[in-house]
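Observations on the model geometry
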Amino acid sequence: MKKENLKLKDNDFAKKLTSLIVPMTLQNFVFALIPVSDSLMLVALNQDAMSAVSLSAQIMMVLNLFLFGITSGANMFAAQYWGKGDKRSIERVAAYSVFLTIPVMLLFFLAAIFTPRALISIYSNVPEIINYGESYLRIVSFAYIFMSLAMLFESVLKNTGFVKHCTVISIISVFLNIALNAVFIFGLLGAPRMEAAGAALATTISNGFACFSCLFFLIKKCSVKIRFKDIFKLDLGLRKDFSKYSAPYLANQLLWGIGFTMISVIIGHLGSDATAANSIVFIIKDVVSCLCYALGGGGAIVVGNELGANRFDTGKEYGDRILRIAIISGLILGILTALSTPIVVRFVNLSPVAIGYLKAMMYMNAYYICGRSINCVVIGGILGAGGDTKFGFICDTITMWAFIVPVGMLAAFVWHLPVIVVYFILNLDEMIKIPVVLLHYKKYKWVKNIVNKVA
């Protein structure tokens, strides 16, 4: 009888996790195709145009960090409330997430549309890159609004059983983006030839499609709604609990993310060849990491559901299994990254110096991806499922701001070390965190229900 129960539990775990990570991985992958499309089309025109769009995307990434911090906090509660069967509380959490998102969304929109040149100048001092980046940011600023709202709508849909619907929307949105890239970048089908600005317009239109599609499913199909009356309603109990568990996570995302963009700032000031090579590698990282992000997001929901239903032993067991999957998949993805180097080099049109940088950077990312897989799943997924967010904040902040950024800046601008040595230093963060992350995980402080007290 015990053997049968164990088999049923194994099947249940596999079914739950697969139903989440397969569509999430696919969704992440198709999203990663957008910068691939941008780079392949723009680098055929101009290396500086490609670099400008890649660096401008860092600003969207910073916005994403805010949004990811807010939605991850919402997901933390929504997963446990869903396991508890409390739909009304999910609605309250979703509405509060909208309240937090609105000012952030508007701030980035206004900065990109009115001060684009100042923003892109943070990442590069090359005049050509700055000019391309300015035209790109003015147009893509409207995508910030659509993307912000779409992430909020998706957060509700994914936590209430509509993962596949979100994936379908994402796939259509991405291929729409790629098609429009070709039209507006090169001026096809009677459209004006816009180059970098064309990539921005394609991104804006496709994000608008995703936003309104998610809104349609939320209104017509989902049993959980985002109610306007709840957005500005003062709910001190919810805000206190949300802040307690989500504030460290949000702070972690911001400090880590700003530190991560500082890596692009440092490399962006090492010359156009280093910038171009790093732009390509940055895209490869995101493509290869699709499974890592999905495993972290899916794991958070699966574990959170069990913790919210007070099935602590099952939640702990699921966490252990997901961690083992993260280690194995990280090793495989790292090997695949190294093996893909000759293929990537064949399909990019860079200068000989940039190609040399690209090869070395690709091989270094074999170990980086392995570390990212483990840390993304543990810090961004399992620990967050049980509200253990302070550890990730402390760990990532110390790693990034006490070591990676200051030592990287010294290596680049004071010691004037070779570009590849600087790059090696800047990409050590994921590996040096692993021992501490695994040690903390094994303390199982994350095995707890965080919604019992929230009414």
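This write-up is about the structure you can find in this document. What you see is a predicted model; the values in this text were computed from it and never measured. (Residues numbered from 1 in each chain as written. Predicted model: local features only at pLDDT ≥ 70, side-chain atom pairs only at ≥ 80, totals over all residues. Heavy atoms only, no water.)

Turning our eyes to something else, we now look at helix 2 (residues 47-84). Along its 38 residues, helix 2 runs 53 Å from first to last C-alpha, staying within 8% of the 56 Å computed at 1.5 Å per residue. Burial runs high along helix 2: 30 of the 38 residues are buried. Two residues or fewer past helix 2, Gly-85 is found with a positive phi of approximately 85°. (Helix = DSSP H or I, 4+ residues; strand = E, 2+ residues; numbered from the N terminus. Expected span 1.5 Å × (residues − 1). Buried < 20%, exposed > 50% of the residue type's maximum accessible area, 1.4 Å probe, protein only.)

Here the focus is the packing of helix 2 against helix 3 (residues 87-114). Relative orientation of the contacting elements helix 2 and helix 3 amounts to 170°, with a least axis distance of 9 Å. Between helix 2 and helix 3, the angle is such that the two are roughly antiparallel. Here Ile-59, Val-62, Leu-63, Phe-66, Leu-67, Ile-70, Ala-74, Phe-77, Ala-78, Tyr-81 and Trp-82 of helix 2 come into contact with helix 3, specifically with Lys-87, Ser-89, Ile-90, Val-93, Ser-97, Leu-100, Thr-101, Val-104 and Phe-108. (Axes fitted to C-alpha atoms, helices over the stretch in contact; angles between N-to-C directions. Parallel < 35°, antiparallel > 145°, perpendicular 65-115°, else oblique. Contact = heavy atoms within 4.5 Å.)

The full count for this structure, using the stated rule, is nine salt bridges. With a shortest N-O distance of 2.8 Å, Arg-117 and Glu-134 are connected by a salt bridge. Taken together, the residues span a long stretch of sequence, with Arg-117 in helix 4 (residues 116-121) and Glu-134 in helix 5 (residues 127-159) at a distance of 17 residues. Between Glu-134 and Arg-138 there is a salt bridge, and its shortest N-O distance comes to 3.5 Å. Here Glu-134 and its partner Arg-138 are both found in helix 5, four residues apart, which amounts to about one turn of the helix. What makes Arg-138 partly exposed here is its relative accessible area of 37%. When salt bridges that share partners are traced, they join Arg-117, Glu-134 and Arg-138 into one network. (Salt bridge = Lys/Arg side-chain N within 4 Å of Asp/Glu carboxyl O.)

Attention shifts here to helix 16 (residues 419-426). Listed in full, the buried residues belonging to helix 16 are Val-419, Val-422, Tyr-423, Ile-425 and Leu-426. Projected onto a plane normal to the axis of helix 16, the buried residues spread over an arc of 160° and lie on a single side. In this fold, the buried residues of helix 16 make contact with helix 9 (236-268), helix 10 (272-288), helix 14 (352-385), helix 15 (390-414) and helix 17 (429-441). (Arc of directions from axis to C-beta.)

The next subject is the nonpolar core. Judged by nonpolar contacts, the single largest core of 76 residues is most densely connected at Leu-137, Val-140, Tyr-144, Ile-280, Leu-350 and Leu-358. With 12 residues, the single largest contributor to this core is helix 2. Beyond its immediate chain neighbours, meaning those up to four positions away, Val-140 contacts Met-60, Ala-200, Thr-203 and Thr-204. Val-303, Ile-382, Phe-391 and Tyr-441 belong to the second-largest nonpolar core, a separate cluster that totals 30 residues. (Core = buried A, V, L, I, M, F, W, Y, C linked by side-chain atoms within 4.5 Å.)

On to the environment of Tyr-249, then. Within the element layout of this structure, Tyr-249 appears in helix 9. Along the sequence, Tyr-249 and Thr-389 sit 140 residues apart, while their C-alpha atoms lie 5.3 Å from each other. The contacts of Tyr-249, once residues within four sequence positions are left out, are Phe-68, Gly-69, Ser-72, Ile-379, Gly-380 and Thr-389.

Applying the stated criterion across every chain yields a total of 10 aromatic pairs. Both rings, one in Phe-66 and one in Phe-108, keep their centres 5.7 Å apart while their planes meet at 65°; by these two values the pair is edge-to-face. Remark: Phe-108 occurs in helix 3 and Phe-66 occurs in helix 2; sequence separation between them is 42 residues. Taking 5.2 Å as the distance between ring centres and 65° as the angle between the ring planes, the aromatic pair formed by Phe-109 and Phe-142 counts as edge-to-face. Of this pair, Phe-109 sits in helix 3 while Phe-142 sits in helix 5, and the two are 33 residues apart along the sequence. Three or more aromatic residues link up through ring pairs in this structure, and these residues are Tyr-441, Tyr-444 and Trp-446. Positioned above the aromatic ring of Tyr-368, the side-chain terminus of Lys-285 is 4.1 Å from the ring centre. The ring of Tyr-444 has Lys-316 sitting right over it, with the charged end atom 4.2 Å from the ring centre. (Phe/Tyr/Trp six-rings, centres within 6.5 Å; stacked < 30°, edge-to-face > 60°. Lys NZ or Arg CZ within 6 Å of the ring centre and 35° of its normal.)

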